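# Summary of structural features
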Amino acid sequence: MFSLVNLTCLVLVGLGALYWWQSGLFKGRARQLAMEYCRQLDLQLLDQSMVITGFWPIRNSSGNLVFRRTYQFEFSSTGDRRYRGELILEGMALKSIDLEAYKIAESD
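Quantities reported herein were computed from a predicted structural model and do not represent experimental measurements.

### Overview of helix H1 (residues 4–40)
Within an α-helix, residues lying three or four positions from one another point in the same direction, as the helix has 3.6 residues per turn. End to end, H1 covers 54 Å across 37 residues, agreeing with the expected 54 Å (1.5 Å per residue, within 8%). Among all positions of H1, only Phe 26, Ala 30, Leu 33, Ala 34 and Cys 38 are buried. Structurally, H1 contributes buried residues whose contacts are with strand E1 (44–59), strand E2 (65–76), strand E3 (83–90) and strand E4 (93–99). Just downstream of H1, Asp 42 is the residue with a positive phi angle, here 60°.

### Let's talk about the sheet that holds E1
Backbone-to-backbone hydrogen bonds join strands into a sheet, with any given pair of strands oriented parallel or antiparallel. Pairing within the open sheet is antiparallel, and its four strands lie in the order E1-E2-E3-E4. The two strands at the open ends of the sheet, each matched to only one other strand, are E1 and E4. Recorded for the sheet is a direction-independent mean angle of 20° between the axes of neighbouring strands. As paired elements, E1 and E2 share eleven bridges and run antiparallel to each other. Note on E2: the bridge partner recorded for Arg 59 is Leu 65. Of the strands in this sheet, E1, E2, E3 and E4 are in contact with H1, which crosses E1 at around 125°.

### Topic: the nonpolar core
Ranked by internal contacts, the top residues of the largest apolar core, which has 15 residues, are Tyr 71, Phe 73, Leu 87 and Leu 89. Of all elements in the fold, only H1, E1, E2 and E3 reach the threshold of two or more residues within this core. Here the element with the most residues in this core is H1; it accounts for five residues. Aside from chain neighbours lying at most four places away, what touches Tyr 71 is Ser 23, Phe 26, Lys 27, Ala 30, Met 50, Val 51, Ile 52, Thr 53, Gly 85, Glu 86, Leu 87 and Leu 89.

Rules used throughout
Residues numbered from 1 in each chain as written. Predicted model: local features only at pLDDT ≥ 70, side-chain atom pairs only at ≥ 80, totals over all residues. Heavy atoms only, no water. Helix = DSSP H or I, 4+ residues; strand = E, 2+ residues; numbered from the N terminus. Expected span 1.5 Å × (residues − 1). Buried < 20%, exposed > 50% of the residue type's maximum accessible area, 1.4 Å probe, protein only. Contact = heavy atoms within 4.5 Å. Pairing = 2+ DSSP bridges. Axes fitted to C-alpha atoms, helices over the stretch in contact; angles between N-to-C directions. Core = buried A, V, L, I, M, F, W, Y, C linked by side-chain atoms within 4.5 Å.

Purely geometric numbers; function is a separate question.
Encoded structure:
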């Protein structure tokens, strides 16, 4: 039979697996939103990578408890320099996208 220690370990492993799985879903959503935003501004999302830099519980505008996740990514406007961007998700909803000042590509 299960002892209390075994049950506690099983629950912790289950919670860790759930967090890992959910993190992949949120990271994919953040990547998709960043790609769409960069495409609208004629920018290139570099490396397709999203790095989580913040994770904390908050209350959204409806009063529900959700997690706010902050991701950083890199983009380029001309192909010769990397710039940083930051994307904030509250739950699955996009809160904001901020981009570092970047050089606008010259048109021919």
